[in-house]
Amino acid sequence: MIRRHALAAMLAVAPLMAMADGKTHHVAIHVDQNDPHTLNMALNNAQNLASYYEEQGDEVVIEMVAYGPGLHMLVDGKSPVKDRIETMSLELPITFSACANTIAGMEKRTGETVTLLDEAEVVPSGVVRLIELQEEGYAYIRP
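The written sequence of each chain sets the order in which its residues are numbered from 1. In keeping with the model being predicted, local features are shown solely for residues with a pLDDT of at least 70 and side-chain atom pairs are shown and tallied solely at 80 or more, while totals for entire chains, interfaces and linings include all residues. Think of the side-chain values as coming from all heavy atoms in the structure, minus any hydrogens and water.

Explain the packing of helix H2 (residues 36-56) against helix H3 (residues 82-91) to me, using residue names and the numbers behind them.
An axis is simply a line fitted to the C-alpha atoms; with a helix, the fit covers only the stretch in contact. Between two such axes, the angle follows the N-to-C directions and lies from 0 to 180 degrees. Numbering of helices and strands runs from the N terminus, with a helix taken as a DSSP run of H or I at least four residues long and a strand as a DSSP run of E at least two residues long. With their axes 11 Å apart at the nearest point, H2 and H3 run at an angle of 15 degrees to one another. Considered as vectors, H2 and H3 are oriented roughly parallel to each other. Once H2 is placed against H3, the crossing between them reads as left-handed. Contacts from Asn40, Leu43, Asn44, Ala46 and Gln47 in H2 reach Arg84, Ile85 and Met88 in H3. Across the contact of H2 with H3, the residue classes tally to four nonpolar, three polar and one charged. What sets the label is the angle itself: under 35 degrees gives roughly parallel, over 145 gives roughly antiparallel, 65 to 115 gives roughly perpendicular, and the rest give oblique. Left-handed describes a crossing whose near helix is turned anticlockwise from the far helix by less than a right angle; the clockwise case is right-handed. The contact criterion used throughout is that any non-hydrogen atoms of two residues lie within 4.5 Å. When residue character is reported, Ala, Val, Leu, Ile, Met, Phe, Trp, Tyr, Cys and Pro are called nonpolar, Asp, Glu, Lys and Arg charged, and the others, Gly included, polar.

Set out below in structure tokens:
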């Protein structure tokens, strides 16, 4: 009888133990287009990934890397998705990386300083950052 109760208790706790042992997934999302549809799709990908893995009892680490025309996603006063980025940065395990090469090119062309959203972190090169993340085992997504 005691063995049966012990077995029942173990079976009841097993799903909770599996959740505690959840896996951590690492995802790099590549953004190089200044198209509101594409920018929103990239953000949707991040939200959907986070929701899915949370339901599975797993964790996810997401880094969205923007360069070239995609950098507009992170430029204050030009980002068509600024409000979503502000909200998502508070709700999700996500980092927004901005390419320093693209910033320098924009500043050279316009003669004006590029001001990024507070959520953006500058990386030396967006392309190099994507390579580094993949070398670290990050899955690569391009919407």
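Summarise the pattern of salt bridges; cite the residues concerned and give the values.
By convention in these notes, a salt bridge is any Lys or Arg side-chain nitrogen within 4 Å of a carboxyl oxygen on Asp or Glu. According to the stated counting rule, one finds four salt bridges in the structure shown. The shortest N-O distance in the salt bridge between Arg129 and Glu132 comes to 3.3 Å. You can see Arg129 and its partner Glu132 sitting in helix H5 (residues 126-135), three residues apart, about one turn around the helix. Relative accessibility decides the category of a residue: with a 1.4 Å probe and only protein chains considered, values under 20% of the type maximum give buried, values over 50% give exposed, and everything between is partly exposed. Note on Arg129: relative accessible area 18%, which makes it buried. Within the structure, one salt-bridge network assembled from shared partners comprises Glu63, Arg129 and Glu132.

Account for the sheet that holds strand S3 (residues 94-99), naming residues and giving values.
One open sheet holds the five strands; their spatial order is S4-S3-S2-S1-S5, and the pairing between them is parallel. Pairing within the sheet leaves two strands with one partner each, and these edge strands are strand S4 (120-123) and strand S5 (139-141). If you compare each strand with its neighbour and ignore which way they point, the axes differ by 30 degrees on average. Two strands pair when backbone bridges link them, and strand S1 (residues 24-31) and strand S2 (residues 59-66) are joined in this way by eight bridges, in the parallel orientation. Considered in S2, the bridge of His26 is made with Val61. Where H5 meets the sheet, its contacts fall on S1, S2, S3, S4 and S5, and the angle it forms with S2 comes to roughly 155 degrees. Note on pairing: two strands pair once DSSP finds at least 2 bridges between them.

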